[in-house]
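Reading the structure
Listed here are the chains, written in short residue letters.
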Amino acid sequence: MTELEPSIPENLRTPRTVPATVPPNHTPPYPLFTSRYPEKVKDLVMAIMGAQYASADSNDGLAMQTISSFTGSDRVPESARPTLQEPAAVVDKSGPYTIAMIVYFPSRQTYDEWAETSGFRAWWTALDPRTQRHGWFLEVFFPSVDRFESILTHPDMHEGSSNIRSAVSKPLIEHGYWGSMRDRLPLSQTDELAGEKGHRSPDGVKRSDTRTARIRVPGRENLAVIRSGQDWRSAKAKERALYLNQLQPALTDGMNFLRDHGAETGCYSNRFMQVTDTAGNGVDRTFGLGYFDELASLEAWSKSHPTHLRIFGGFMKYAKEMGEEMAVRFYHEVLVLTPEQQFFEYVSCWPGTGMLTSLSGRESFNERNP
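Residues numbered from 1 in each chain as written. Predicted model: local features only at pLDDT ≥ 70, side-chain atom pairs only at ≥ 80, totals over all residues. Heavy atoms only, no water.

1. Points about the state of the cysteines
Considering all chains together, one arrives at 0 disulfides under this definition. No disulfide involves Cys267; its nearest neighbouring cysteine sulfur is the one of Cys349, lying 18 Å away. (Disulfide = S-S within 2.5 Å.)

2. With respect to the packing of helix α6 (residues 295-304) against helix α7 (residues 306-322)
In contact at an axis separation of 5 Å, α6 and α7 are set at 65° when each is read in the N-to-C sense. Of the possible angle classes, the one that applies to α6 and α7 is roughly perpendicular. Contact with α6, carried on its side by Trp301, Ser302, Lys303 and Ser304, involves Pro306, Thr307, His308, Leu309 and Ile311 of α7 and no other residues of that element. For the contact of α6 with α7, the residue count by class is 4 nonpolar, 4 polar and 1 charged. (Axes fitted to C-alpha atoms, helices over the stretch in contact; angles between N-to-C directions. Helix = DSSP H or I, 4+ residues; strand = E, 2+ residues; numbered from the N terminus. Parallel < 35°, antiparallel > 145°, perpendicular 65-115°, else oblique. Contact = heavy atoms within 4.5 Å. Nonpolar A, V, L, I, M, F, W, Y, C, P; charged D, E, K, R; others polar.)

3. A word on the sheet that holds strand β2 (residues 45-53)
Strand order in this open sheet of 11 strands is β6-β12-β9-β11-β10-β3-β4-β2-β5-β13-β8, and the pairing throughout is antiparallel. Taken across any chain shown, the strands that pair with only one partner, and hence form the sheet edges, are β6 (148-152) and β8 (214-217). When the angles between neighbouring strand axes are averaged without regard to direction, this sheet yields 20°. With 2 bridges connecting them, strand β3 (residues 84-91) and strand β10 (residues 267-276) associate as antiparallel partners. In the sheet register, Ala89 faces β10, and the bridge partner there is Gln274. Along the sheet, helix α2 (residues 108-117) contacts β2, β4 (97-105) and β5 (135-141); its crossing angle with β2, the most-contacted strand, is approximately 40°. Along the sheet, helix α5 (residues 237-261) contacts β3, β9 (223-231), β10, β11 (282-292) and β12 (329-337); its crossing angle with β10, the most-contacted strand, is approximately 145°. (Pairing = 2+ DSSP bridges.)

Any functional reading would require information that these geometric values do not contain.
So this is what it looks like as structure tokens:
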């Protein structure tokens, strides 16, 4: 019998005051793994640096060149360079074609050093929203390690934050049941992780201002962020067809529901992004990036909404059919953040972009045109 281990590392375990939901004598239906980080790692950084064009045809490639000039800058000391930079694209909720670079750092201190030495912070601060040919946005998360969890279907995967790890776990105990995501978060041992419902005033920003303004959106208590990815580059013909014809359509429907109707479930923003190469061409990888008002809202959608039940049921059937031969790879990262661990700023962006939807009067901000 395969040896299992708890998902929370030993150095972050503490006596529970909030009970776990793992069933007695639980046996996971298939193996999942998590990354282990050096004990000196106290926080991580995931940054989304993006630009919005009116359409894919109007993407001149200059925005990604600009972003890449900072993320790949040779002015930055090697110790402060990103551990991962990954380009991606999507047609955003509010209509525009969006390109972004997803960038990871092993600490907030490293991110700050990079932002200064690369020149990114000075450039970003100087952007004049009245003169931009397209929109820009910056969304940065600084989770402490007790507010972060991740899972991988294959132990040799290096996705997102796993590029920072020092080791990988044995197969995990806490998965394959509703509530396992929460049980894997170290802080859930002592905190209910209740979030902040409702919307806030846009501080005098009118709908017509979003295309000509720089808008800083305040962080929210226990905002839940999920990045959930898929990689079918190594799949052979049979599995590729099974994934593309059965599982991916259900996944796309679920992601589109959260994009278009997320307010019904506490989801402020969801982008189902296509990973690209440096020239902007799509590769066989995707990921969803969703922002929820609290972990309970993400759990409720996962447990009870028809769009996710179809994804979950399809995956269970898919995993059973493929067994150990499964070559398509899946992962997710979940962050539950304090307000101080979030940064959202939008320059000349379309209404309804990202966390602009958390501002009051969201129906106005969701329209396709200002």
